[in-house]
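So the chains spell out like this:
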Amino acid sequence: MARLLSRSLFPTDQPVEAARLIGRDGDVAQLVNQVVGGANRVVVGPRRTGKTSVCRAALGRLKTRSRYLVAVDLFDLAGPAALAEALAVATISNRSAVRRTLPKARSLSRHAVQLASGAVSARLKADLGTDIEIALLPDLAQRDPERYLAYALRLPEKVAEVDGVEVVVFIDEFQELAAGDHRFGDPDLRTKQLRSVLQDSPHVTCIFAGSIEHLMRDLFAPRHRALHNFGGFQHLGPISVDDWRAGLTERFAEDGCHIAPEILDVLIDEYGRSHARSTMLVAQQTHIAAVAAGVRTITLALVLEGLQNAMSADSAHHQAAVDRIRSLGKHAFATALRVARHEAPYGGVTDPKTVTRAMHALRDIGYIDEPAERAGPWRFADPLLGRYLAGF
Ligand SMILES: Nc1ncnc2c1ncn2[C@@H]1O[C@H](COP(=O)(O)OP(=O)(O)OP(=O)(O)O)[C@@H](O)[C@H]1O
Ligand SMILES: [Mg+2]
């Protein structure tokens, strides 16, 4: 019997399809219920824990004829003009006639657009104003980014009114709005603008997702920030060990593989530490090792090989992380090593302030997670990176 692809059974490079999520039923249901109730949500969690997967699964359930979806990912966008264009395209793509003609129209000149999609674009302009051309003509938004972004931010409400629908706007990697390069402009001004538009958009409900929890909290929580109290926070905790056990057992079984519970627990608890992407990567690499060995019984030796291959697969990423940490200064690197080795971060340090600063710097770039309880241990968000540094 031909073997199934390890990458399909255990994907690690993109968000997971709704039907293939392990666990997360409660998170998805909670998000759907809140949005159905018109409550804005801010989904936060460490990197690569499944935020986008959960949000997309929720959007899939929210998609009905009487609800439009507008999804953009700030990570992919270079600045205000790109954001304006992405919002406009995503908003009008909810209309089926537009969805059919838009990809072709965007590859044509202004004149050809009129010929090829004349009726559709005339209707769009009549309903939504002539600025909707930013969705049809790539690069037009570049000519006046501020004007077009102001227009695009108001578009979801406008389309909601014209088409008589509710709109859900999903902005992924929202922390990019406050990222160090300020490529979307001054974060304070931008969030003020966003809030004032959204307050004026009674038919629009938002989901914001972001990786770097404290940045997200800084954007939404402090009183002086425009988004203060704008949305309820939804923290994505780890996927439960029981869900991992059931999910991974089932995945291995799809390829006729058997894994004994005690071996599975080593993979989940010790190597993947229930971190979504790391656990999946070790499982994927274990499966690759099993296929290479031509076996379907997953032994501890295969799981160990899976771990080693997962570490090699991520080695470029680990090396880049080391460079990044080193660039934060020598205290940051020494502190990172102590956290990785589960040593007391302040042990034997003469100036504790330098350690606190280093911990905060590591937290701010999303590498280590603040303990849930005050006295709890700081941990590497990505257990494979922690393992790499512990071996330094
Ligand atoms: N529920 C899940 N079941 C199985 N694997 C998952 C699940 N959620 C996340 N993963 C794993 O984590 C990877 C990243 O998922 P996703 O892109 O949704 O996370 P994210 O938190 O949005 O990541 P980022 O911080 O990069 O935005 C997936 O490719 C998959 O390997
Ligand atoms: Mg994501």
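Each chain carries its own residue numbering, running from 1 in the written order of its sequence. Lettering for chains starts from A, numbering for ligands starts from 1, and both go in the order in which the items are written. Reporting of local features is limited, given that this is a predicted model, to residues whose pLDDT is at least 70; pairs of side-chain atoms are given and counted only at 80 or more, and all residues count toward the totals for whole chains, interfaces and linings. The side-chain quantities take in all heavy atoms of the structure and omit both hydrogens and water.

### Structural notes on the packing of helix α17 (residues 330-340) against helix α19 (residues 383-390)
Phase 1 of the analysis: Note on definitions: angles span 0 to 180 degrees between N-to-C directions of axes, and those axes are lines fitted to C-alpha atoms, for helices only across the stretch in contact. Counting from the N terminus, the helices are the DSSP runs of H or I reaching at least four residues and the strands are the DSSP runs of E reaching at least two. Look at α17 against α19: their axes get within 8 Å of each other, and the N-to-C directions meet at 110 degrees. The angle between α17 and α19 falls in the class roughly perpendicular. In this structure, α17 uses Phe333, Leu337 and Ala340 to contact α19, whose residues at the interface are Gly386, Leu389 and Ala390. What sets the label is the angle itself: under 35 degrees gives roughly parallel, over 145 gives roughly antiparallel, 65 to 115 gives roughly perpendicular, and the rest give oblique. In what follows, a contact means two residues having at least one pair of non-hydrogen atoms within 4.5 Å.

### Some words on the environment of leucine 236
Phase 1 of the analysis: In this fold, leucine 236 is placed in the loop between β5 (232-235) and α12 (241-254).
Phase 2 of the analysis: For every residue, the accessible area obtained with a 1.4 Å probe (protein chains only) is divided by the maximum for its type, and the residue is called buried under 20%, exposed over 50%, and partly exposed between those limits. Residue classification places leucine 236 among the buried residues on the basis of a relative accessible area of 6%.
Phase 3 of the analysis: For the pair leucine 236 and arginine 183, spaced 53 residues apart in the sequence, the C-alpha separation amounts to 27 Å.
Phase 4 of the analysis: With residues near it in sequence (within four places) discarded, leucine 236 still touches Arg24, Asp27, Val43, Val44, Gly45, Pro46, Thr49, Gly50, Lys51 and Val54.

### A few points about the sheet that holds β5
Strands in a sheet are paired, the pairing made by backbone hydrogen bonds, and the direction either parallel or antiparallel.
Phase 1 of the analysis: Criterion used throughout: strands pair if DSSP finds at least two bridges between them. With parallel pairing, five strands are arranged side by side in an open sheet as β2-β3-β4-β1-β5. Because the sheet does not close on itself, it has two edges, and the strands there are β2 (67-73) and β5. Sheet twist, expressed as the average angle between the axes of neighbouring strands with direction ignored, equals 20 degrees.
Phase 2 of the analysis: Examined bridge by bridge, β2 and strand β3 (residues 166-172) share seven bridges and lie parallel to one another. The residue of β3 that forms the bridge with alanine 71 is phenylalanine 170.

### A closer look at the pairing of β3
Phase 1 of the analysis: The element β3 is extensively covered by neighbouring structure, given that six of its seven residues are classed as buried.
Phase 2 of the analysis: Judged from the five bridges that link them, β3 and strand β4 (residues 204-210) form a sheet pairing that is parallel. Residue pairing across strands places valine 167 opposite valine 204, the latter belonging to β4.
Phase 3 of the analysis: Note on handedness: a crossover is taken as right-handed if, strands pointing away from the viewer, the path from the first strand over the helix to the second is clockwise. On the question of chirality, the crossover connecting β3 to the parallel β4 by way of helix α10 (residues 187-199) is right-handed.

### Section: helix α14 (residues 276-293)
Phase 1 of the analysis: Taking 1.5 Å as the rise per residue, α14 with 18 residues should run 26 Å; its terminal C-alpha atoms sit 26 Å apart, in good agreement.
Phase 2 of the analysis: Of all 18 residues making up α14, 14 are buried, and the element is well covered by its neighbours. The span you would expect from a helix comes to 1.5 Å times its residue count less one.

### Side note on the domain arrangement of the protein
Phase 1 of the analysis: Assigned domains within the protein: domain 1 (24-235), domain 2 (239-313) and domain 3 (319-390).
Phase 2 of the analysis: Listed per partner, the contact involves eleven residues of domain 2 and eight residues of domain 3.
Phase 3 of the analysis: Values labelled buried area give the accessible surface lost by two parts on being combined, using a 1.4 Å probe and summing over both. Regarding the contact of domain 2 and domain 3, the summed buried area is about 780 Å², with carbon and sulfur atoms giving 63% of it.
Phase 4 of the analysis: Definition used for salt bridges: Asp or Glu carboxyl oxygen within 4 Å of a side-chain nitrogen of Lys or Arg. For the pair domain 2 and domain 3, the number of links is zero salt bridges. Note: domain ranges come from an automatic or database domain assignment.

### A closer look at the layout of surface pockets
Phase 1 of the analysis: Only protein atoms enter the calculation, which uses a 1 Å grid: trapped sets of points that fit a 1.4 Å probe without letting it out are cavities, open sets showing protein on both sides within 12 Å along at least five of seven lines are pockets, and any residue with an atom within 4 Å of a point is a lining residue. Grid points are joined across faces, edges and corners, and a volume is the space filled by probe spheres set on the points. A volume near 910 Å³ is recorded for the largest pocket.
Phase 2 of the analysis: Contributing to the lining of the largest pocket are 34 residues, with Pro46, Asp369, Glu370, Ala372 and Arg379 lying nearest its centre.
Phase 3 of the analysis: Looking at the lining of the largest pocket, the elements that each hand over two or more residues are α11 (213-220), β8 (368-369) and β9 (379-380).
Phase 4 of the analysis: At three residues, α11 tops the list of elements feeding residues into the lining of the largest pocket.
Phase 5 of the analysis: Residues are grouped as follows: Ala, Val, Leu, Ile, Met, Phe, Trp, Tyr, Cys and Pro are nonpolar; Asp, Glu, Lys and Arg are charged; all remaining types, including Gly, are polar. Grouping the amino acids of the lining of the largest pocket by side-chain chemistry returns 14 nonpolar, ten polar and ten charged.
Phase 6 of the analysis: Considering only enclosed or pocket space, the second largest pocket measures out at about 670 Å³ in volume.
Phase 7 of the analysis: In this structure, the second largest pocket is lined by 28 residues; those nearest its centre are Gln14, Pro15, Arg48, Gly50 and Ser53.
Phase 8 of the analysis: Mapped by element, the contributors of at least two residues to the lining of the second largest pocket are α3 (51-62) and α14.
Phase 9 of the analysis: At four residues, the largest contribution of residues to the lining of the second largest pocket is made by α3.
Phase 10 of the analysis: Among the residues making up the lining of the second largest pocket, the classes are represented as ten nonpolar, seven polar and eleven charged.
Phase 11 of the analysis: Inspection of the lining of the second largest pocket shows a minimum of three residues originating in each of domain 1 (24-235) and domain 2 (239-313).

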